[in-house]
Amino acid sequence: MYIESDLKVIQGIKLTIIDFPKNLFFDLHSSDGFGTFFFYELEVGKVDNDVVFLFRSNQPNKYWEGKWGLSTFLGGLNEIINDKTEAEVHSLDIEDDYKEIEVKFICNVDFEFHDQISKYAKLLNQYIKNTERLLSGVVWQKEFETNEKLFCTELLYPLLRKMNFIDVRFTHGTREYGKDFTFSEIPLFGNLRHYAIQAKAGNVRGNVKSEIDEIIGQLDDAFSMPYFEVSVNENRLINTFIVAISGNFTENAKDKISQKIPTNLKGSIYFLDREKILELIEKYWK
């Protein structure tokens, strides 16, 4: 049975997975695309033991005012979503005048309609932004997630230069005590501030003897051991240490980070994952 409804009517309803009736589907419409301004239709129904949220965008070519062609945009969006684990492209049709994409999220926990839809809409907005970055010419290569040197040379190095840091050095492979990059900036007070980046390809986990243990174990060396800056013929100590990865930090890695970083260093250590790096690209990669 299908029930057509406005989002306002059901948004406060709380449901358990067990209580959600099988063969019951809600067809919902939102005037602002559930906050995405792109996915205006949503079907919610139970399949097997899960509740499926199916967002749909059906756009006519002649009314599309995007920067890129609609087929190109949907192709890029499909590529971005296929790289995710929390969503999948259920269907994609770019052959007709009306182009359509359906994105599926699977929920297997008890939920409130408003909260769950807001959560998925936020993810859809991230996918749309990432698609715009992709089509703007900054192509995130799949190899970045496995090839650390490529991640450093093709992405991090030019990004740091575009952010106007000075003395940017790629030191990977030398005895730099965990510093794959060193660079500096001139802050408002005038004295140079020195940075180091340790780069990792892929995801970082927090299980026993994981990379996060290795990183945390190298922090003392990173701050206490100077690096040599050839342009001024001097040794420098860093003020800030950054861990940049081409994947994501798992939840247990985040927990271990918050627990094990020395208190006196917490304001001087930053962690950049793929999403944060993409945000920097959007801002600085012109």
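Keep in mind it's a predicted model, so treat the numbers as computed, not measured. (Residues numbered from 1 in each chain as written. Predicted model: local features only at pLDDT ≥ 70, side-chain atom pairs only at ≥ 80, totals over all residues. Heavy atoms only, no water.)

Quick notes on the packing of aromatic side chains
Counted only if it meets this: Here a pair means two rings of Phe, Tyr or Trp (six-membered ring of Trp) with centres within 6.5 Å. Their orientation is stacked below 30 degrees between planes, edge-to-face above 60, and tilted elsewhere. Here a strand is any run of E in DSSP of at least two residues, a helix any run of H or I of at least four, and the numbering for each starts at the N terminus. Accessible area is worked out with a 1.4 Å probe on protein chains only. A residue is then buried under 20% of its type maximum, exposed over 50%, and partly exposed in between.
For the structure shown, the criterion picks out 21 aromatic pairs. For the ring pair F38 and W64, a centre distance of 6.0 Å and an interplane angle of 75 degrees mean the geometry is edge-to-face. Placement of the pair is F38 in the loop between strand 3 (25-29) and strand 4 (41-47) and W64 in the loop between strand 5 (50-60) and helix 2 (70-82), with a sequence separation of 26 residues. In this structure F38 comes out as buried when scored by relative accessible area, which is 4%. Centre to centre, the rings of Y157 and F181 are 6.5 Å apart; their planes meet at 25 degrees, and the pair counts as stacked. Pair noted here: Y157 is in helix 4 (residues 148-162) and F181 is in strand 10 (residues 181-185), with a separation of 24 residues, a long-range link. Judged by relative accessible area, Y157 falls into the partly exposed class, the value being 28%. Look at F181 and you get buried, because its relative accessible area is 0%. Among the aromatic residues, those joined into a cluster by ring pairs are F20, F26, F34, F53, F55, F105, F111, F113 and Y120.

Details of the side chain of K84
Note the threshold: Within 3.5 Å is the distance limit for a polar contact, defined as a pair of N or O atoms, with the added protein rule that one can donate a hydrogen and the other accept it, and that residues adjacent in sequence qualify only through two side-chain atoms. Only heavy atoms enter the contact rule, under which two residues are in contact if any of them lie within 4.5 Å.
Note on placement: K84 falls in the loop between helix 2 and strand 6 (88-93). At 3.0 Å, the side chain of K84 and the side chain of E275 are in polar contact. Apart from residues no more than four positions distant in its own chain, K84 is found in contact with Y127, N130 and E275.

A closer look at the nonpolar core
Put simply, the rule is: Grouping buried Ala, Val, Leu, Ile, Met, Phe, Trp, Tyr and Cys residues that are joined through side-chain atoms within 4.5 Å yields what is termed a nonpolar core.
Membership of the largest hydrophobic core comes to 35 residues, with the highest contact counts inside it found for F39, V44, F53, F55, L77, F105 and Y127. Mapped by element, the contributors of at least two residues to this core are strand 3, strand 4, strand 5, helix 2, strand 7 (98-107) and helix 3 (113-135). Here this core gets nine residues from one element, more than from any other, and that element is helix 3. Once you skip the residues sitting within four places of it in the chain, F53 turns out to touch L42, E43, V44, V103, K104, F105, C107, F111, F113, Q116, I117 and Y120. Membership of the second largest hydrophobic core comes to 21 residues, among which are F151, F181, I197 and I281.

Details of a nonpolar patch on the surface
For the record, the criterion: Only residues whose relative accessible area exceeds 30% and that form no salt bridge are eligible for patches; like-charged ones are grouped when within 9 Å, while nonpolar side chains (Val, Leu, Ile, Met, Phe, Trp, Tyr) are grouped when within 5 Å. Residue burial considers only the protein chains on display, and all accessible areas are found by Shrake-Rupley using a 1.4 Å probe. By convention in these notes, a salt bridge is any Lys or Arg side-chain nitrogen within 4 Å of a carboxyl oxygen on Asp or Glu.
On the surface, a nonpolar cluster with roughly 240 Å² of combined accessible area is contributed by I166, I186 and L192. Examined against the element boundaries, L192 turns out to sit in the loop between strand 10 and strand 11 (193-200). We classify L192 as partly exposed; its relative accessible area is 35%.

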